[in-house]
Every structure is written in C-alpha cells, then in structure tokens.
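Coordinates in review
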Amino acid sequence: GPPPPGAPTMFQPPPAPGQPGMPPGGPVVFQPPPPGGSLGGGPPPPGGPPGGPPPPGAAPGANFYQAGNAPGPAAPGVQGGGMAPPQQADNVDYSVQIPSRILQLTAGKLAQTAAVANSCKIPFGGVLRPLAPDQSPEEEAEVPTIQPGTSGIVRCKRCRTYVNAYVAWSDHGRKWRCNICAQMNETPSAYFCHLDEHGLRQDRHERPELCHGVVEYIAPAEYMVRPPQEPAYFFVIDVSATAVESGMLHSVSAAIKASLDDLPGRTRTKVGFITFDNGVHYYNLDPDMANPQMLVVSDLKELFVPLPEHLLVNLQDSRDIVENFLDNLPEMFAKRPVYGQSCLGPALKAAFTVAKAIGGKMCVFQSIQPNLGDGALKPREQPGIMGTPKEVTMLRSEAGNAWYKDTAVEFSRQQISVDMFLFPYQYMDLAALGELAKFTAGSMHSYPMFQKEQDGPRFEAQLKSILTQKTAFESVMRIRCTKGMRITNFYGNFYIRGTDLMALPNCNRDSVFGFDLVHEDPNISFSHVTIQGALLYTSDAGERRIRVMTQAIPVSGLLTEVVASVNVDACTALLSKQAVEVVLKSGLDNARMRMQQVCVEIIRAAKGGDRRTVSGYSVPGQQADNNPEEKPIPDNLKLLPLYTLAIMKNVAFRGGMDVHPDQRVQAYYIINELFVTDMKHFIYPRMFALHEMGASAGHALGDNGGSNDVDPETVAGHNRIQLPPVVSLSVENLSSNGVFLLDNGVEMYLWVGSAADLNIVGSLFGVHSLDDIDPSQIRIQTSGDDFANRFGSIVTALHEGKYSDAD
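Structure report, in brief. Here, residues in each chain are numbered from 1, in the same order as that chain's written sequence. Whole-chain, interface and lining totals are the exception, using all residues; otherwise, since this is a predicted model, local features are given only for residues with pLDDT of at least 70 and side-chain atom pairs are given and counted only at 80 or more. The side-chain values count all of the structure's non-hydrogen atoms but skip hydrogen atoms and water molecules.

Here's the deal with the sheet that holds strand β33 (residues 739–743)
Across the sheet, four strands lie side by side as β32-β29-β33-β34; this open sheet has antiparallel pairing. Taken across any chain shown, the strands that pair with only one partner, and hence form the sheet edges, are β32 (726–727) and β34 (748–752). Residue contacts are counted whenever heavy atoms from the two residues lie within 4.5 Å of one another. Geometry is summarised by axes, namely lines fitted to C-alpha atoms with helices restricted to the contacting stretch, and by angles between N-to-C directions that run from 0 to 180 degrees. In this description a helix means any DSSP run of H or I spanning at least four residues, a strand means any run of E spanning at least two, and both kinds are numbered starting from the N terminus. Contacts from helix α15 (residues 758–765) reach β33 and β34, with the element oriented near 145 degrees to β34. At least two DSSP bridges between two strands are required for those strands to pair.

Okay, structure coming up:
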C-alpha cells in the first residue's frame, strides 16, 4: 500500500511494465535493467569504459573525479585475487560526503605512508554521531530510505561492506571491487546496470546508495535475531528519606508524567516501575484495577518476582493507573522515610528479571550510595590523596569489585540500556555506578546538592528530553576502513562484542563515538581510504533498519598537505576523549603531559614542512630550514595551543585538590558523550555580551529577512535564533557596566557588573538593584519586556537538546 503521510521517501522497484506509473509527488522510483540490458538501451561501450571529460553539470575547472593509473601488479604482502594494485583505476567523487553533523574527521587527508603519519604527529581518527538530528529542514535533506528489491542488500562477499558510491565497477558493470578489502564481487543480475564512458553506473544518481554518503535500508528478515520488540521504559526509583526530603521524588514523578504523551512507540509503548529503600517494591499496574498495588520484597538475598504479569504494561491500556501512581508517588514514602539505607543492586536485579524478555531503556534515580545487598559500595573518598598520583584510584571503580560492570554486560546482552540520574549530597562513587551506563550505551547525569526549587526545572527538562527523543533500540554498529589502515580504539559508551562490533541496546541523537585510525601497512596503495559505519537498529515504530554511512578520504605523501587539512575542532575533541582513557590508565599528570606533547609536536611538524626521510632520518643534501621555529603557525592550527590549554584547565584534567572525584568522573562522561562543536564549547565556553546585543539578537534569523548563508556560530536552535556578540575569555573584557552570559553547553552563568545598566538588571531580575538581596532568592526572568523575551529565546536556543540552565 502507499506509505503513510509524513513517511520518508522510499526507493523501491516500480510497477511492472504496462501497469500505471507512480502518481506525481510519490516515491522516487527506479528500476534495474534486465541482465545484459542497459538503463537507456544500447550495447555497452566496446573495450570497457574509457576516460573522458567531467560529467555534465560539473563546475568548469573542478576536479570532480580523480582517476588513478592503469592496473599493475598486486601490492606486496597482499593476497592475490582480491587486492587492487597501487593507484587502481577508479573514479572517486569526493562530493559524496557524510554530513558534518554526523561525522567529522581530524584531517581531511590521510598520510600515504606510516612514516609521514609518524612525522606529522596528528591523531588520525574521527568523531561519529550516527543519529544526529537535522539542523533545520532547509539545510539538511532527509536521509534516503531504501526498500531492497529482489537482489537484496548488495554487500561484499568477503568483508560484508555495503555497496556504496566509492566501489569500482568493471566488466561493463557485471563486477564490482570492494573499496574496503578490494575483493572482486559479481553484480546480482537484478542489480545490473551498464557503465557510462567514465566507468560509472548510468543509474548512479537514481540509486541513493551510489550517490549519498548516508542511506538507510529497511532490513529484511535475515537481519533479525528476533521480531522487533515494543519500546519499553522501566523506572528504578530511590525512595529513601534523602530522595523524599530533597524533592527529587516529586521532580521525577512530574517529569515522567509530562513525558507520557510523547514517549516513542505510541500505542506500542510499555512502562514499568520499581522503587527501593531497604526493600524492593514492585507495582501491579493491571488496567482493570482502580489503584496500583504495591508488592514489597524485603528479603534481599532470596529476591523473587511476586507477580507474573502487569509489572511491565502497555501504557495506552494502563494510562489512568500509571498517572494515578505518579500522582501519589511523592507522598507514598513521606510518612515513614527510611534513612541512610539503599539496596540499588537488588532493585536492579528485580528490574532486570521483569524487563529482560523485551529489553528497552531503564532509568535509575539514586540519591545515596548503595549500601545493602549486591552492589553495595564502600566509602572510598580519601581527601588526603587528592592532587597526588594516587588520586586516580578514586577515578576508576574499586579493584576487585566488578559487580556493576558484570551487571551492565548482562544488561547489554538482553538489550537493556541504563541511564543513571544521580543526586549526591556526599561522595557516591560515580566511578563504580557509571559503569552501568558506560557498558549499556546509556548516559550518566549528576545533580550535586539537588534542591527542587533551584535544580528541579533543569532536571525535569533534561529527563523529558531524554525520554521523548527519537531512540533506536536493539542496536549494533561496526566501523570498517580500507585495508592498509586499521581502527584501533573506540571512545564512548558501548560494549564491544568480539573485536569490533559495538553493542548498543539504545542509540539516540546524543550517542557519540570516537575512533582512532592508524596505519596497518607501511604504505597505502590507493588514492583514497574509505570509512564505512553501519548501524543496525529497531526503530520506535518496530521497523528493523540499517543506517550506512560511507566516506572516502584522499591520501597524500606530503606532510604539508596533510597538516593543512587538519580540522582543529575535531582533533581537539578526539584528543579530549583519548585523554580520559590516559587518566584512567596512568593518571592525571600523564594525561596533561601527553596533551601538551601532542600539541607541541603537531606545531613543530607543521613548521618543519616536507622533509624526505629514509627509516626515520632526513635525506642528506636536501635544503633544510635553519629556523623553523620562526615560521608562523598555519592558520588552521592557530587555535590548537589555546584549546589544548583549555583542556588542561578543564575540571576533568586540571590539578589541585579542589575538584571532587565524583565531579571529575562526571566530566569524563560528559566528554565521552559530546560531539565536536559541543566539545569545543565545553572546554572553551562562549561569553556573550548581553549589554551590547543589537536589536536583531534574540529573534529568529528569518524574522529579519536574514540569508541562509550565515555563520553557524552566530545562530542557535532549530529556529536559528541570532546570538549576541561573543567576546574572548579574558578578564580584560569584563567591565563593571557589563552583563555577560557564559555558556559551556552544560551550564550557564550570568555575570552582572556592579555598574550594569539598571534597565537590563530590571528586565532580567525584576529589581533595579541586586544589593542587599539574598542570592538564593534571585530568579532570572526569561519573559516580560522585550529584553527579557529576547534573553529567554537566546537561552532556550542555546540549550536545545543540551539541558543547560542559567545559574
């Protein structure tokens, strides 16, 4: 039948000849020619595809295609029959790119040899955000969706790479060479098409997988281990005295209730609840009952499920009783609060027993350190070792206690992802608790000294955003690269199955993964290297899909060309993620030293320029620069020293005794979960001069007839709200008559000078003077007069999807 309204454009074989065509405005249609035929009729060009001019429509003088030399002998050390010769004859269209909102590489060109890579010191790799949302409907086209035809999904028979825009076609289109492992594959008869005069398929612009960097396949049955499951949300809530008295329980109930209408899955969504203090409380949410039934299990050693069903229920069927439960939850434990006791471990085991048949998202809310039953933690805080090399022992889980990691791995196997929401009032050991989120592809968020009036709005907005965002369930992802290069490390929250398969029970718009790319062979034999990421997942509509992301990266033997292609923002983001791993392995001092060393070596190599080397030594006789230190830093690297210093001063890495270990651990999770632009703002915040913002600031760009060609740093949010002017982070820029907003993507701070304009102060705070006012009683106004309304629009735009809140 026809696709539902609003469904993505589908590519599928058209009706058979003689049947009515597709209606105007319907899906894009293409039909593979029969074996031996051609897309437009006529015989294949004799003698194979010759070289020729650029295709019609290419810009004059543009290097649209890059062709290699004629075939030659196979590269040494490579198996015959599959590996292409050096500089194989291929056409590479570098305009087919993965959007920068999804993938950013540390360099636009890779070193052709391991020697050049070692000389330039650049950390080759990338940062991938597979489900990044569109920045705006006008800027980013929707990812094309493909319904496989009778040929199925075309993949390499050796390495299982998906056919893409960079494969090389031969034998008039009857064969294709894999651009990852160089295996020669037969083209399925139903997928056959003749080649044009450039050796490219004539239907390449009609097949999305051959002309787009990112596509999605609707997966056939062979890609399913089990039928797609319903989206399930299970809430594990601490109801100890601390949770009740702080208002945490009230905020949790309010945020969940506000999210019920927008949870993914619509009529298919399932929900369940478990609460705990010194016992585990199950809830019977049978839709035929008037009120929820609480079932208490106090024996933490012989834990059992007291009810076979109605603990995880369909939200639509049980909506009334679920809302009844959430309305009453804040008061249920107020009369008999339990102080200082928490059995998180048994509660997690109970929730796992209920949810393991389906999987889904589990949200855990915890206010004190677990101290009963399995998973009980010992206080490990030692203020005396903070600022010393021994501090690292508090930044990783306790040696010999792998309960949370082992539990997380078991959760991951059953497709359960855990999001941790922690509300510490003293040391809680985030290093141990965070492993639940790390190995289940979840996230961790902490709210120290939580108070409902001050912190409640931020937490509730964050929880609602996490619950209602588009989520991929039962996911796995693999990243491949061309033979000769190798992906060595991954960064982020996941569990590795085997050697390179990332298990992701949940994957969403904020899921970010970094990876390192190193030379496996001394020399790359091709003109380019291809990276392909494939994410297999179940959509919230119950559809099994495969998102395939492919990009070709040119290689160069010249150090100057490689250095000139460095993306300093992506390089900084990857270095930050690498530094987290260095801290946990060898300590803070080594991490700071390595960051500084990498920065110095990259700058030194960039100033040194191209030098021929043999076995690591300069070739005699070549002209050397006697004073490379006097050369200027290349323009694209000028900010690298500044960003490196900013990383070293960040709360995650700076020295001293003033950073609590839980605060450091939370910063590590933030760094692992941030994409490139957000990472830049986290380590080097933006400071906006509110007192200097023009009349257009705070308004959507379209409101004033602005052009679409605008610097993305000057607008924010889906509505493209124009931002105030940014000033550099220097005390010299702070003036007593100024009002500044500092935003690092996670938190916002408002700095008000003692001589600030009284009209601005009145608009923001509702008073004309902040003198003699209790700071805890100050509330920022984001609506009212024109200035407050525009300020509110700016704040909302800045923390869209990032849950920031002005302090």
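From this point on, the discussion continues.
Concerning a nonpolar patch on the surface
Side chains of Met294, Val296 and Met332 sit close together on the surface and give an oily, nonpolar patch of about 240 Å² of accessible area. Here Val296 lies in strand β15 (residues 293–297). Within this analysis, patches are made of residues with over 30% relative accessible area and no salt bridge. Like charges are joined at 9 Å or less; nonpolar side chains (Val, Leu, Ile, Met, Phe, Trp, Tyr) at 5 Å or less. Here the accessible surface of atoms and residues is derived via Shrake-Rupley with a 1.4 Å probe, and residues count as covered only by protein chains that are part of the display. In the sections that follow, a salt bridge refers to a side-chain nitrogen of Lys or Arg positioned within 4 Å of a carboxyl oxygen of Asp or Glu.

A word on helix α12 (residues 640–649)
The α-helix winds at 3.6 residues per turn, so residues separated by three or four positions along the chain end up facing the same way. Between buried and exposed lies partly exposed: a residue is buried under 20% and exposed over 50% of the maximum accessible area for its type, with that area taken using a 1.4 Å probe on protein chains only. Among the residues of α12, Leu640, Tyr643, Thr644, Ala646, Ile647 and Met648 are the ones counted as buried. Buried positions along α12 lie against α10 (568–586), α11 (588–608) and α14 (676–683).

Thoughts on the side chain of Thr269
You can see Thr269 is positioned in the loop between α3 (248–259) and β13 (270–276). Separated by 2.6 Å, the side chain of Thr269 and the backbone oxygen of Pro264 make a polar contact. Within the local environment of Thr269, its side chain forms a polar contact with the backbone oxygen of Arg266, the two atoms lying 3.3 Å apart. With residues up to four places along the chain from it excluded, the contact list for Thr269 reads Pro231, Tyr233, Leu263, Pro264, Val313, Asn314 and Leu315. Polar contact criterion, stated in full: a pair of N or O atoms within 3.5 Å, where within protein one must be able to donate a hydrogen and the other to accept it, and residues adjacent in sequence count only if both atoms are side-chain atoms.

Describing the state of the cysteines
Covalently bonding the sulfur atom of one cysteine to the sulfur atom of another cysteine gives a disulfide. Cysteine sulfur atoms are paired as a disulfide whenever they come within 2.5 Å of each other. Tallied over the entire structure, the rule returns zero disulfides. The thiol of Cys156 is not disulfide-bonded; the next cysteine sulfur, from Cys181, is found 3.6 Å away.

Looking at the sheet that holds strand β4 (residues 103–105)
The strand order across the open sheet built from four strands is β4-β6-β24-β21, with neighbouring strands paired in antiparallel fashion. In this open sheet, the two strands that pair with only one neighbour each are β4 and β21 (485–491). Geometrically, the sheet is characterised by an average inter-axis angle of 20 degrees between neighbouring strands, direction not taken into account. Pairing analysis gives four bridges linking strand β6 (residues 125–128) to strand β24 (residues 513–519), with the strands arranged antiparallel. Paired with Val127 across the strands is Gly514, a residue of β24.

Concerning the environment of Pro383
You can see Pro383 is positioned in the loop between β17 (360–366) and α6 (403–413). Since its relative accessible area comes to 48%, Pro383 is described here as partly exposed. Along the primary structure Pro383 and Asp658 are separated by 275 residues, whereas in three dimensions their C-alpha atoms are 9.8 Å apart.

Topic: the environment of Gln112
Within the secondary structure, Gln112 sits in the loop between β5 (110–111) and α1 (114–120). For Gln112, a relative accessible area of 22% translates into the label partly exposed. Through-space distance from the C-alpha of Gln112 to that of Gly484 is 10.0 Å; in sequence the pair is 372 residues apart.

Quick word on the packing of aromatic side chains
For Phe, Tyr and Trp, rings pair up if their centres lie within 6.5 Å, where Trp contributes its six-membered ring, and each pair is then called stacked (planes under 30 degrees apart), edge-to-face (over 60) or tilted (otherwise). Under the counting rule described, the total for this entry stands at 22 aromatic pairs. Ring geometry for Phe653 versus Tyr668: centroids 6.0 Å apart, planes at 40 degrees, classification tilted. With a gap of 15 residues between them, Phe653 in the loop between α12 and α13 (661–673) and Tyr668 in helix α13 connect regions that are remote in the sequence. Like Tyr668, Phe653 is buried. Of the aromatic side chains, those joined through ring pairs into one cluster are Phe365, Phe421, Phe423, Tyr447, Phe450 and Phe459. Definition used: whenever NZ (Lys) or CZ (Arg) falls within 6 Å of the ring centre and also within 35 degrees of the ring normal, the charge is taken to sit over that ring. If you follow Arg155 out to its NZ or CZ, it ends over the ring of Tyr162, 4.1 Å from the centre.

So, the side chain of Ser367
Relative to the helices and strands, Ser367 is located in the loop between β17 and α6. Of note is the side chain of Ser367, whose polar atom sits 2.5 Å from the side chain of Asp238. A polar atom in the side chain of Ser367 sits 3.5 Å from the side chain of Ser240. Setting aside its immediate chain neighbours within four residues, Ser367 contacts Asp238, Ser240, Thr242, Ala243, Met248, Phe423, Pro424, Tyr425 and Met428.

Some words on the pairing of strand β14 (residues 280–284)
Counting buried positions along β14 gives five out of five residues, so the element sits mostly inside the fold. Side-chain alternation along β14 places Val280, Tyr282 and Asn284 on one buried face and His281 and Tyr283 on a second face that is also buried. The turn joining β13 and β14, which pair antiparallel and follow one another in sequence, is formed by three residues. Two elements, β14 and β15, share five bridges in a ladder whose sense is antiparallel. Its bridge partner being in β15, His281 is matched across the sheet by Val296.

Regarding the packing of α10 against α12
Closest axis-to-axis distance for the α10/α12 pair is 10 Å, and the angle between their directions is 25 degrees. As judged from the angle between their axes, α10 and α12 are roughly parallel. α12 is crossed by α10, and the crossing has right-handed handedness. The residues of α12 that touch α10, namely those facing Val568, Asp569, Thr572 and Ser576, are Leu640, Tyr643 and Ile647. Only Asp, Glu, Lys and Arg are considered charged, only Ala, Val, Leu, Ile, Met, Phe, Trp, Tyr, Cys and Pro nonpolar, and every remaining residue, Gly among them, polar. Residues belonging to the contact of α10 with α12 are distributed by class as follows: four nonpolar, two polar and one charged. The scheme is simple: roughly parallel for angles under 35 degrees, roughly antiparallel for over 145, roughly perpendicular for 65 to 115, oblique for anything else. The hand of a helix crossing depends on one turn: near helix anticlockwise from the far one by less than a right angle means left-handed, and clockwise means right-handed.

So, empty space enclosed by the protein
Site definitions follow a grid-based scheme: protein atoms alone, a 1 Å grid, a 1.4 Å probe that fits but cannot get out for cavities, and for pockets an open set with protein on both sides within 12 Å along at least five of seven lines, plus lining residues having an atom within 4 Å of a point. Grid points are joined across faces, edges and corners, and a volume is the space filled by probe spheres set on the points. Following the criterion strictly, the structure yields five cavities of 30 Å³ or more and no others. Taken as a whole, the second largest cavity spans an internal volume of roughly 60 Å³. The wall of the second largest cavity is formed by Ile98, Leu103, Leu128, Ile479, Phe515, Ile531, Gln532, Gly533 and Met549. A per-class count over the lining of the second largest cavity returns seven nonpolar, two polar and no charged.

In short, geometric facts, not functional conclusions.
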